[in-house]
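Observations on the model geometry
The lines below spell out each chain.
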Amino acid sequence: MDGGNLIDGTGRTEDVGGTGGIGGIDGIGDARRALGSFLRARRGRVTPEQVGLPGGRRRRVRGLRREELARLAGISVDYYVRLEQGRATRPSPEVLDALAGALGLDTAERRHLDTLVGAGRGPAPRARVSPLLRRILDSMGRLPAFVTNHRTDVVAWNELGAELIGGLDDPGRRDRNQARYLFLDPASRTVFPDWEDRAAEAVGQLRVATGRYPDDGELAALLAGLSARSADFRRIWATGEVVMCAAGRKRLRHPTAGLLTLDYETLHVPAAPGETGLVVHVFGAYEGVRDAGGPAGT
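Each chain carries its own residue numbering, running from 1 in the written order of its sequence. Where totals are concerned, whole chains, interfaces and linings use all residues; where local detail is concerned, this predicted model gives features only for residues with pLDDT of at least 70, and gives and counts side-chain atom pairs only at 80 or more. Side-chain figures throughout are based on the complete set of non-hydrogen atoms in the structure, without hydrogens or water.

1. Re the overall build of the protein
Selection criterion: Elements are defined by DSSP. Helices are runs of H or I of four residues or more, strands are runs of E of two residues or more, and each kind is numbered from the N terminus. Under the scheme applied here, a residue whose accessible area is under 20% of the maximum for its type counts as buried, over 50% as exposed, and between as partly exposed, the area being computed with a 1.4 Å probe on protein chains only. Contact criterion: two residues are considered in contact whenever any of their non-hydrogen atoms come within 4.5 Å of each other. Here the accessible surface of atoms and residues is derived via Shrake-Rupley with a 1.4 Å probe, and residues count as covered only by protein chains that are part of the display.
Helix and strand content of the protein: 12 helices and seven strands. A burial count over the protein gives 48% of its 298 residues as buried. Partitioning the intrachain contacts of the protein with sequence separation of at least 6 by distance along the chain shows that 57% fall at a separation of at least 24. Carbon and sulfur atoms make up 50% of the accessible area of the protein, which totals about 14,600 Å².

Okay, here's the thing in structure tokens:
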């Protein structure tokens, strides 16, 4: 296992990590520190009691101490400190597995560790909606659908998709960036009754994107703007949330159809060279409900 010997018992005390980054959010704008930022955030979410360690009210650290996590993962404290500080950026798969196990990471979070370690440098990818993809959207008929890129920009939609989320044909009415809409438009909290869940999804998707595209200046600017203007964004970002688009159920309030409960599926369009992969979001009335027509109909 790369990363030195087992914990050396130095009893090293915890120090307060820096927040090197853009807009006060740790790990953005500095690819070397992104791994440490993520580990620090996830460490803060694990209580000592969850891993069989004594807690207590006098602890000055939120979550696990660095030496506690190092001990659980079976690596030296010094090596773990270098990981968090961005001075060790190529840990082995065995070290990542050990850290993931100690932190209780799920599959998406473990994959994100690999992304952070293997992230390359290069120009930001462009998003291209092919004519075929547009025809596919239009052919979906009674299924609302829209397409987003890695920055959560809505870049294409069909007629019912536009009707479902509203304002896509009028940029002055609704921001086409899903994250900006959620965090900066008060109307989003009325549209999405489960706003906190939708906001966490958006942050989690953006975190994945920063690992994949560390040199994307537009993405960095988006995150800086959200951090500067939204305390909720800063709060959720600090948790280390990671989300891979999948499938599930969502609720939203439509101006004419009222409160809708919809099943959704995400279809991933592979990236061509120099481009970013796109995500197609497809909605339908949740299973067991008869065709209601309108934007929720299937």
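2. Side note on the sheet that holds strand 3 (residues 145-148)
Defined as follows: Strands pair, by our definition, only if DSSP identifies at least two bridges between them. Lines fitted to the C-alpha atoms define the axes, with helices restricted to the stretch that makes contact. Angles between their N-to-C directions range from 0 to 180 degrees.
The five strands lie next to each other as 4-3-7-6-5, forming an open sheet whose pairing is antiparallel. Either end of the sheet is taken by a strand with one partner, and the two such strands are strand 4 (154-157) and strand 5 (247-254). Direction aside, neighbouring strands of the sheet carry axes that sit 30 degrees apart on average. Where strand 6 (residues 258-269) lies against strand 7 (residues 278-285), eight bridges are found, and the strand directions are antiparallel. By the bridge assignment for strand 7, V269 is matched with L278. Sheet contacts for helix 6 (residues 131-139): strand 3, strand 4, strand 6 and strand 7; angle to strand 4, the most-contacted strand, approximately 55 degrees.

3. Digging into the pattern of salt bridges
Note the cut-off: The rule for a salt bridge is simple: a side-chain nitrogen of Lys or Arg has to be within 4 Å of a carboxyl oxygen of Asp or Glu.
This model, assessed by the stated rule, comprises 19 salt bridges. With a shortest N-O distance of 3.2 Å, R82 and D78 are connected by a salt bridge. Placement of both R82 and D78 in helix 3 (residues 77-84) is noted, with a separation of four residues, approximately one turn of the helix. For D97, the salt bridge identified is with R110, shortest N-O distance 2.9 Å.

4. What about the side chain of K250?
Worth spelling out the cut-off: The term polar contact refers here to a pair of N or O atoms within 3.5 Å; inside protein, the definition further demands a hydrogen-donor-capable atom paired with an acceptor-capable atom, and it admits residues adjacent in sequence only when both atoms are side-chain atoms.
Here K250 shows up in strand 5. Reaching out from K250, the side chain makes a polar contact with the side chain of E201 at a distance of 3.5 Å. Once you skip the residues sitting within four places of it in the chain, K250 turns out to touch R198, E201, L260, T261, L262, Y264 and F283.

5. Description of the pairing of strand 5
In this structure, strand 5 lies alongside strand 6, joined through eight bridges in antiparallel fashion. Of the residues in strand 6, the one forming a bridge with K250 is L262. Between strand 5 and strand 6, which pair antiparallel and follow one another directly, the connecting turn spans three residues.

6. Considerations on the environment of T89
For T89, the location among the structural elements is in the loop between helix 3 and helix 4 (93-103). Sequence spacing of T89 and A34 is 55 residues, and the spatial spacing of their C-alpha atoms is 9.3 Å.

7. Side note on the confidence of the model for the protein
Quick note on the threshold: The predictor attaches a confidence to each residue, called pLDDT, with possible values from 0 through 100.
Across the protein, pLDDT averages 82, with 82% of residues at or above 70. When mean pLDDT is taken per element in the protein, helix 8 (residues 178-184) scores highest with 97 and strand 1 (residues 21-22) scores lowest with 53. Taken as a whole, residues 1-19 scores under 50 in pLDDT and shows 45 contacts with residues more than four places along the chain or in a different chain. Note that pLDDT drops below 50 for residues 290-298; the model gives that stretch 23 contacts with residues more than four away or on any other chain.

8. Here's the deal with the packing of aromatic side chains
To be explicit about the condition: Classification of ring pairs uses Phe, Tyr and Trp, with its six-membered ring standing for Trp, and accepts pairs whose centres are within 6.5 Å; under 30 degrees between planes counts as stacked, over 60 as edge-to-face, and the remaining range as tilted. Remark: a charge is flagged as sitting over a ring if the NZ atom of Lys or the CZ atom of Arg is within 6 Å of the ring centre and within 35 degrees of the ring normal.
If you walk through the whole model with that rule in mind, you get five aromatic pairs. Aromatic pair F183 and F233: ring centres 5.5 Å apart, planes at 90 degrees, arrangement edge-to-face. In this pair, F183 sits in helix 8 while F233 sits in helix 12 (residues 231-237), placing the two residues 50 residues apart along the sequence. Taken individually, F183 and F233 each receive the classification buried, so the pair is uniform in this respect. An aromatic cluster of three or more residues is present, and its members are F183, W195, F233 and W237. Above the ring of W237, the side-chain terminus of R207 is found at 4.1 Å from the ring centroid. A cation over an aromatic ring shows up here: K250 above the ring of Y264, its NZ or CZ 4.5 Å from the ring centre.

9. Describing the pairing of strand 7
With eight of its eight residues buried, strand 7 lies for the most part within the structure. Examined bridge by bridge, strand 3 and strand 7 share four bridges and lie antiparallel to one another. Across the sheet, V147 pairs through a bridge with V280, a residue of strand 7.

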